[in-house]
Amino acid sequence: MTWTSLLTCSFIVLLSIKSVFSYYVLVDAHSEECFFEKLTSGTKLLLTYEVIEGGFLDIDVKITGPDHKEIYRGDRESSGKTTFSAHMDGTYTLCFSNRMSTMTPKMIMFEIDAGDSPKLDMASDKTAENVTLHHNKLEELVAELSASLSNIKHEQEFMEVRERIHRSINENTNSRVVMWSCFEAFILLAMALGQVYYLKRFFEVRRVV
């Protein structure tokens, strides 16, 4: 394996890692939050999202292209994943809408993986010694490995979020059970004292002076 191939493979891995971004966004009730990604024609973009807090954990999602053409739409979804290829150069818009909610804000975690850019033939700009990106099997395997690692990273992060949500639900449920148990114990104690007092008054001998 030549040093040129090693450097090229390292460049591909670094490029794939840098193009992954994770975000947390709070969308208020009756509002919409939009994000913009500039892509070149043929570039693939992977969007993964999940509502982690708020209301019924649902959100409206919409992706539009530079020509205002709707690419993806999801209504009242808790989580999802979509991949598309840019059909033209320009800025693509991703919007999370919480207009259906009356008062509850929603916390959303989402990731944008803008990778797999169109491969360019560098033979015209480089010397014959340089390796082109078209027919290099090793580079394709490295790119596939990088994509697989990115997917694993996505799944681990979303599993961590789900674990945090379930832990919060369990803690809230446990606190409610403890409070209800204390309330029941207080009611039983009050009823016991009330019955003792009532029976004591019932059997009390009244003396007439």
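Residues numbered from 1 in each chain as written. Predicted model: local features only at pLDDT ≥ 70, side-chain atom pairs only at ≥ 80, totals over all residues. Heavy atoms only, no water.

1. A short note on the state of the cysteines
Inspection of every chain in the model, using the stated rule, returns one disulfide. Disulfide pairing is shown between Cys34 and Cys95; the S-S distance is 2.0 Å. Residues Cys34 and Cys95 share a disulfide whose torsion about the S-S bond is about 105 degrees; that sign makes it right-handed. Taken as a pair, Cys34 in strand E2 (residues 32-39) and Cys95 in strand E7 (residues 90-97) lie far apart in primary sequence, 61 residues in all. For Cys95, a relative accessible area of 8% gives the class buried. (Disulfide = S-S within 2.5 Å. Helix = DSSP H or I, 4+ residues; strand = E, 2+ residues; numbered from the N terminus. Buried < 20%, exposed > 50% of the residue type's maximum accessible area, 1.4 Å probe, protein only.)

2. Considerations on the side chain of Ser31
Position of Ser31 among the secondary structure elements: in the loop between strand E1 (20-27) and E2. For Ser31, a relative accessible area of 18% corresponds to the buried category. Polar contacts involving the side chain of Ser31 include one to the main-chain carbonyl oxygen of Asp28, which spans 2.4 Å. In this structure, Ser31 is in contact with Phe96, Ser97, Asn98 and Arg99, ignoring residues within four places of it in sequence. (Polar contact = N/O pair within 3.5 Å; in protein donor to acceptor, adjacent residues only side chain to side chain. Contact = heavy atoms within 4.5 Å.)

3. Observations concerning the pattern of salt bridges
In the structure shown here, the tally under the stated rule is six salt bridges. A salt bridge links Arg167 to Glu163; its shortest N-O distance comes to 2.7 Å. Here the residue Arg167 and the residue Glu163 both occupy positions in helix H2 (residues 137-202), the gap between them amounting to four residues, near one helical turn. Judged by relative accessible area, Arg167 falls into the partly exposed class, the value being 37%. A single network of salt bridges, built from pairs that share partners, joins Asp58, Arg76 and Lys106. (Salt bridge = Lys/Arg side-chain N within 4 Å of Asp/Glu carboxyl O.)

4. Remarks on the UniProt feature "transmembrane region" (unreviewed entry) in the chain
UniProt's entry tags residues 177-199 with the feature "transmembrane region" (unreviewed entry), counted in the numbering of this structure. Between the C-alpha atoms that bound residues 177-199 the distance is 33 Å, and the span itself is 100% helix and 0% strand. (UniProt positions renumbered as here; feature names shortened; annotations may be inferred.)

5. Section: the pairing of strand E5 (residues 70-77)
For strand E4 (residues 59-64) and E5, the ladder comprises five bridges, and the chain directions are antiparallel. In the sheet register, Ile59 faces E5, and the bridge partner there is Glu77. (Pairing = 2+ DSSP bridges.)

6. Digging into the nonpolar core
Of all hydrophobic cores here, the largest spans 20 residues; its most connected members are Leu47, Val61, Leu94, Phe96, Ile108 and Phe110. Going through the elements one at a time, E1, strand E3 (44-53), E4, E7 and strand E8 (106-115) are the ones with two or more residues in this core. (Core = buried A, V, L, I, M, F, W, Y, C linked by side-chain atoms within 4.5 Å.)

7. Digging into the sheet that holds E7
On the basis of which strands lie adjacent, the open sheet formed by four strands has the order E2-E7-E4-E5 and antiparallel pairing. Every other strand in the sheet has two partners, leaving E2 and E5 as the edge strands with one partner each. Strand-to-strand twist in this sheet, taken as the mean axis angle between neighbours without regard to direction, amounts to 10 degrees. Bridge count between E4 and E7: five bridges; the pairing is antiparallel. Residue Lys62 lies in a different strand from E7, and its bridge partner there is Cys95. (Axes fitted to C-alpha atoms, helices over the stretch in contact; angles between N-to-C directions.)

8. Some words on the packing of aromatic side chains
Under the definition given, this model contains seven aromatic pairs. Their ring planes at 65 degrees and their centres at 6.1 Å tell us that Tyr49 and Phe96 sit as a pair that is edge-to-face. Taken together, the residues span a long stretch of sequence, with Tyr49 in strand E3 and Phe96 in strand E7 at a distance of 47 residues. (Phe/Tyr/Trp six-rings, centres within 6.5 Å; stacked < 30°, edge-to-face > 60°.)

9. Side note on the environment of Asp113
Secondary-structure assignment places Asp113 in strand E8. Between the alpha carbons of Asp113 and Thr48 there is a distance of 8.5 Å; along the sequence they are 65 residues apart.

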